[in-house]
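# Descriptive structure summary
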Amino acid sequence: MNTAEVSWSPKTLSFEPAGTLREIPFQVVSPSQQALCDVPFSCGLCVPKGRLFKQSDWVVEGLGGAPLAAGTKVLNRWSDGSIRWLLVSFVAGNVSPGRTSCLLVRPGHRPRQTATVVTCRKASEGGLQLSVQNRSSRLPTDVRINMLPELCNTNGQPLRLRVTDIHTDDSDDARCLITVEMVPRGLKFLSMTFRVEVWLNSGLIGVRTRLRNTRRAKHQGGVWDLGDPGSFHFSSFRLALKPEGLSEAAIVWKAEQSADIRTCSPQTDLRIQQSGSGGSRWGSSNHVDAAGIMNISDRGYSATSSAGTLRGYRAEPTVSFVSDDHALTVAVPEFWQQFPTAITATGNEIGVEFFPADVSGPFELQGGEQKTSQAWLSTRPMAPNLTQLAWVYETPRALQSAESYRKSDAFTWFPGSLTSEGSVSTHSHASEVTRRFLSYLNEATSGQHSIRARREKIDEYGWRNYGDVPADHEQTHYAGSNTIISHYNNQFDLIYGGLLNLAATGHLKWLDLADPLSRHVMDIDIYHTQEDRPCFNGGLFWHTDHYVDAKTATHRTYSKHNAKDGHAYGGGPANEHNYTTGLLYYYFLTGSPEAYDSVLSLADWVINMDDGRRTIWGLFDSGATGLASKTVWDDYHGPGRGAGNSINALLDAWILTRKRSYLDKAEQLIRRVVHPQQSCDDLHLIDAEGHWSYTVCMTAIGRYLDQKLEADELDEMYSYARETLLNYGRWMARHERPTLNEPEKLEYPTEAWAAQDLRKANVIRLAASCTNDATEEVCLRRRADLISDAAWKQLYGFGHQHLTARCLSIIMTEGQREVFHRCCRPGYMPPGRVRYRDSKWKMFVPQNKRVRDALRSPLKVLRVLPGVINPLRIFRTVDALRRHL
C-alpha cells in the first residue's frame, strides 16, 4: 500500500467454468424520453442457489452493437457456497427510452480489451493528480486532471489537508476504483474520503466525497439540537478540477437540461448557484439553524456570467471546457435537491461547490454525522446540446424481472410480479387480494400523496434532509401549524418496502423513494462515532418526537424546545428503532460499500449495547444489559419490537458475513424473550397499546427459521424457534381480534392499527407453515384471512388519512407478504432433526436491576466483591463513567 501514489491497469480474470448457468436476463429501464449515451451501470443480479460457484468472464448483450465487456464482483453467497448476488458493471454506449431486454452472457471467447492505465498520486498543490492513459481511438490518449479539495473554517481560511492513504479496490475490466483518505491537520476527528471511479475506455469519471465528523455529540439532558459542542462548523467545501491542456478552452454550459447551451470566453467567471429548493415552500422552517433562524435568501438558482444573470427555480447544470480536440464536462447529481450547491468555471478550472461559501452562513456537521456528495466528469468531445452527461439527471437502471427474483428466492416471502401481466395466481379470490393491495399502493404514491408531493409539503430538501420522507401522520394530532416539521427516518423499514415493490413491479418510482432514502439514512440517521456510550455508538436515530415540531433537532428525535419542566424527556438511538434489511438489499442491488458497512454498524450496535462489561454497572455485574431486548419498559423482555429488530439486524449481518457470532447473538436473544411453552396470557399480549409489537418479534423469528432452512441447520435452536412460532400462532388464532373492534381501549384509534393488523395476520400464516396437521393449517389461515380482510375495511374507514407515511411503510411490506401467503404456496417449515431440550422460561432481569438488588443484600455484595477489585473491570467502569459525562 502506497499513501503517495497508486497505479492500476486491468488484468483478465481466468476461471474454469462452473455450474450450469450461462446467461442472466435483465432489463435496462430508462426514465428519459430521449436516447442517452455512455451510461455507466453498476447493478446487483441475483442467481438461483447452486447454479454458479465461481466468478467468470461475462459480456452484456442487447444494448445494440457488439457485446459489452462487463466487470463482476461476488456480493453474497448461498450457504452451499454458490453465488447469490453478483455485481455487474458496464458502460452502455446507447440507451433507448423505456425498457430494453438484456442478457449477461458467459462468452465462449472474451472480447479483447484495450489497455488503460490509471494512476493517482498526491499533487504538489495538496490535492490529487489523476492520470488516465487511454488506448481507445475515440478518446484522448492521455488525460490528466488535478483534483484539489478545499475545506474552509468559519473564517474562510482553507484547512491544510493530509493524504493518509491511497488504494484501489473492487477494480475490474469495466472500471477502476480508487479510494483516497484525507485528514485536516489538527482535526483528527474529521475524516475525508474520496472515491474515484474511472470507467475504462468511456471517458467517464465519477467522484464521490464524504465528510464525517467522528466526534460524539454531548446531547446534554438527552436532547440533540444543532449547536451541540460536538459539532464541526465550516464555511465551505469545494472540489477544484483542473484539467491539463485545456487552459484556453471555451466554457460551454446550460443551467437546466432543457435549456439552450451558452458559450463564454475563457476569461469569464461562470457561477451557477442553487440557494433554495425552488419549491413553493422553499422558506420552510425545515431549514432553520441552531438559533432557529431560516436564513435562505433565494428561492431557486442564479447563473452569473459575462452575459449577465439568469434566474430560475431548479437547476440541473452541465458545464464543459471545450478546445479543438479536448473537453472536460461536469454534472452534479441532485443539484437542486441537495442545495445549497454551486458549480463554477474560470479559465483553468471547474469548481464543484458541495457546500458553497456565503450562501446560508456556516455549515454544521453534527457529532457522528457525515455527508456524501457526488460529481460526474466526461472527457469525451462535446456532444450536441451538451448531452453527454444527461443521464446524470435521469438515470437509467438495470433490473431483473419479478419472476427472476421469485425463482432465485432473492427476497423472503416474495410473490413475484404484481403487474397486470404478472404471475400471481389469477384465481378470483387471489386476484382480489392483489388488486386491493395494488390499488392502495397506487393511491398512496400518486398525485397529492406521491413521495415527491409529500416532500414538497415541508420542503424536505437540502443537503441534510433530502431522501427522508416527512412523517405526515404526525399532523393528525399536532395542535399547531399544518406544516409541522417531522421526519420519519426509515421507520418500519421504508427502504425495504420500496425495494420489495421495485422488484415486484419494475416501476422506477420505488427506486426514487428507496435510493435517496438509503443514502440519507447512511449519512444522517446513523450515529457515526465510537466515542459515546455503547448504547448509542453506531446506532440509528428514530423518527422525530411524536406530535411536536422537530425544531432544531433536525433528524435526531429530541429537541430542547419540546422539553417540559418537571417531565422526563430525552433519549437517543434505541433498539426498538433499528431497521437494516432495506440497507442489506440496497447493498445487494447496488454494491454500495456504505450500505455494507451500515448493516454491520447496526448489528454491532446490538451486540455492544447488550454488553454489560461496557457500562457503569459492569464493575459489579458483567452480564448482559438487556438493552437489546427490552420493549417499552426496562423490565419487559418478552416478545416485542425491541428484541425483534435486534434479532433481524443480527440475521442481516450473518447473511452478509456468515460470521457465527451474529447468529449466536440472535439465538441468545430468541431464547431470552420467547419459549415454546410460554404463556401469552401471562404476558398480557392482548393489550394492544402495550404489546402490539410482539408480532414484529414473531416475524423476525419466522425469518430466522427461513434462513436456518436455507442453511440446512435444522438443529435444536431451529426446533425451539419453530415450536415457539407455532405456539404463538395457535394462541393468536384463539384470542386475537381486529384491534379497531375495541377503539375505546386505544389512546389514538387511528388507521395505523389496521395496518399493524396485516402483520398480525401474516404471523398466523407463518405459524400455519409450521404445523403438519392439514386441518389446523386451514383453520389458522382462515383466521388470518378474517383478520386481514377486516383490517383492510377498517383502514379505509378513516378516509384519506390512511395515506400517511406510517401506514404506507407498513403496508408496502406486509401487504405484499399477504399477497404471497394467500396467492402463492408458502413453503412448509419441517420439524427439526434435534428436539429442543425442555426448560422453563422466566423474564430476563436487566443488568441495572440485578446490581441494585445485589447491593441491597450483604450476602450478594460479598459475592460481587472479587469482580470489583478486577483491574480490567475498574478500567472499563472508569471509561463508561467518562462517556456518561
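Residues numbered from 1 in each chain as written. Predicted model: local features only at pLDDT ≥ 70, side-chain atom pairs only at ≥ 80, totals over all residues. Heavy atoms only, no water.

## Observations regarding the packing of aromatic side chains
Scanning the model with the defined rule gives 36 aromatic pairs in all. Taking 6.1 Å as the distance between ring centres and 55° as the angle between the ring planes, the aromatic pair formed by F26 and F90 counts as tilted. Taken together, the positions of F26 in strand β2 (residues 23–30) and F90 in strand β6 (residues 83–95) put the pair 64 residues apart, joining distant regions of the chain. The class for F26 is buried, based on a relative accessible area of 4%. A relative accessible area of 0% places F90 in the buried class. For the pair F234 and F355, a centre-to-centre distance of 5.2 Å together with 75° between the ring planes defines the contact as edge-to-face. (Phe/Tyr/Trp six-rings, centres within 6.5 Å; stacked < 30°, edge-to-face > 60°. Helix = DSSP H or I, 4+ residues; strand = E, 2+ residues; numbered from the N terminus. Buried < 20%, exposed > 50% of the residue type's maximum accessible area, 1.4 Å probe, protein only.)

## Focus: the pairing of strand β22 (residues 318–322)
Of all the five residues making up β22, four are buried; the element is thus mostly covered by neighbouring parts of the structure. As judged from the five bridges shared by β22 and strand β23 (residues 327–331), these two strands associate in the antiparallel manner. Opposite T318, over in β23, you have A331 as the bridge partner. A loop of four residues connects β22 with β23, the two strands running antiparallel in sequence. (Pairing = 2+ DSSP bridges.)

## Things to note about the pairing of strand β17 (residues 250–254)
Side-chain direction in a regular strand flips from residue to residue, so the side chains alternate between the two faces of the sheet. In terms of burial, β17 is a largely internal element, four of the five residues being buried. In terms of strand pairing, β17 meets β22 through five bridges, oriented antiparallel. Following the sheet pairing, V252 is matched in β22 by S320. Sheet topology places β17 next to strand β18 (residues 262–264); three bridges connect them, and they run antiparallel. Across the sheet, W253 pairs through a bridge with R262, a residue of β18.

## What about the sheet that holds strand β28 (residues 397–399)?
Across the sheet, which stays open at both edges, the seven strands sit in the order β3-β6-β5-β4-β7-β2-β28 with antiparallel pairing between neighbours. The sheet is open, and its two borders are formed by β3 (36–46) and β28, each paired with just one other strand. Neighbouring strand axes in the sheet, compared pairwise and without regard to direction, differ in orientation by 30° on average. (Axes fitted to C-alpha atoms, helices over the stretch in contact; angles between N-to-C directions.)

## Re the side chain of T329
One can find T329 in strand β23. Here the side chain of T329 touches S320 through a polar contact of 2.9 Å, side chain to side chain. Polar contacts involving the side chain of T329 include one to the side chain of Q388, which spans 3.0 Å. Dropping the residues within four chain positions of it, T329 is found in contact with T318, V319, S320, W376, L377, S378, L386, Q388 and L389. (Polar contact = N/O pair within 3.5 Å; in protein donor to acceptor, adjacent residues only side chain to side chain. Contact = heavy atoms within 4.5 Å.)

## Structural notes on the pattern of salt bridges
This structure, assessed with the given rule, holds 56 salt bridges. With a closest N to O distance of 3.0 Å, K49 and E710 form a salt bridge. On the criterion of sequence distance, the pair formed by K49 in the loop between β3 and β4 (58–61) and E710 in helix α11 (residues 694–710) is long-range, its members being 661 residues apart. Since its relative accessible area comes to 12%, E710 is described here as buried. Two residues, K849 and D853, come together in a salt bridge whose shortest N-O distance is 3.0 Å. Here K849 pairs with D853, and both are found in helix α16 (residues 847–855), just four residues apart, close to one helical turn. (Salt bridge = Lys/Arg side-chain N within 4 Å of Asp/Glu carboxyl O.)

## Some thoughts on the side chain of S518
Residue placement: S518 occurs in helix α5 (residues 509–525). Residue S518 is classed as buried on the basis of its relative accessible area of 0%. In this structure the side chain of S518 is engaged in a polar contact, spanning 2.6 Å, whose partner is the backbone oxygen of A514. Beyond its immediate stretch of four places on either side in the chain, S518 contacts I495, L583 and Y586.

## Regarding the packing of helix α6 (residues 581–590) against helix α8 (residues 641–657)
Axis angle and axis distance: for two packed helices, these are the angle between their axes and the distance between the axes, and together they describe the pair. Close contact between α6 and α8 brings their axes to 9 Å; oriented N to C, the two are set at 20°. Relative to α8, the element α6 is oriented roughly parallel. Regarding α6 and α8, the two cross each other, and that crossing is left-handed. Listed contacts from α8 to T581, L584, Y587 and F588 of α6 are N648, D652, I655 and L656. By residue class, the composition of the contact of α6 with α8 is five nonpolar, two polar and one charged. (Parallel < 35°, antiparallel > 145°, perpendicular 65-115°, else oblique. Left-handed = near helix turned anticlockwise from the far one by under 90°. Nonpolar A, V, L, I, M, F, W, Y, C, P; charged D, E, K, R; others polar.)

## A word on a positive patch on the surface
There is a patch of like positive charges on the surface, built from K122, R160, R162, R185 and K188. Mapped onto the elements of the fold, R160 is located in the loop between β10 (142–152) and β11 (161–168). (Patch = residues over 30% accessible without salt bridge, like charges linked within 9 Å, V, L, I, M, F, W, Y side chains within 5 Å. Areas by Shrake-Rupley, 256 points an atom, 1.4 Å probe, with all protein chains shown as cover. Lys, Arg positive; Asp, Glu negative; His and termini not counted. Charge placed at Lys NZ, Arg CZ, Asp CG, Glu CD.)

## Looking at the packing of helix α7 (residues 593–609) against helix α9 (residues 660–673)
One can describe the packing of α7 onto α9 by two numbers: an axis separation of 11 Å at closest approach and a directional angle of 50°. In terms of their interaxial angle, α7 and α9 are classed as oblique. Pair α7 / α9 crosses with left-handed handedness. Contacts between α7 and α9 involve L600, A603, D604, V606 and I607 on the former and, on the latter, Y662, K665 and L669. Looking at the contact of α7 with α9 residue by residue, the classes come out as six nonpolar, no polar and two charged.

## Overview of the sheet that holds β11
Spatially, nine strands are ordered β11-β12-β13-β14-β27-β23-β22-β17-β18 in an open sheet, and the strand pairing comes out antiparallel. Two strands in the sheet have a free side with no partner beyond their single neighbour: β11 and β18. The average angle at which neighbouring strand axes cross in this sheet is 20°, direction not considered.

## Some words on the confidence of the model for the chain
Model confidence for the chain is summarised by a mean pLDDT of 91, while 94% of its residues fall at 70 or above. In this model residues 11–18 is a low-confidence stretch, pLDDT under 50, and it forms 15 contacts with partners more than four residues away in sequence or in other chains. (pLDDT = per-residue confidence, 0-100.)

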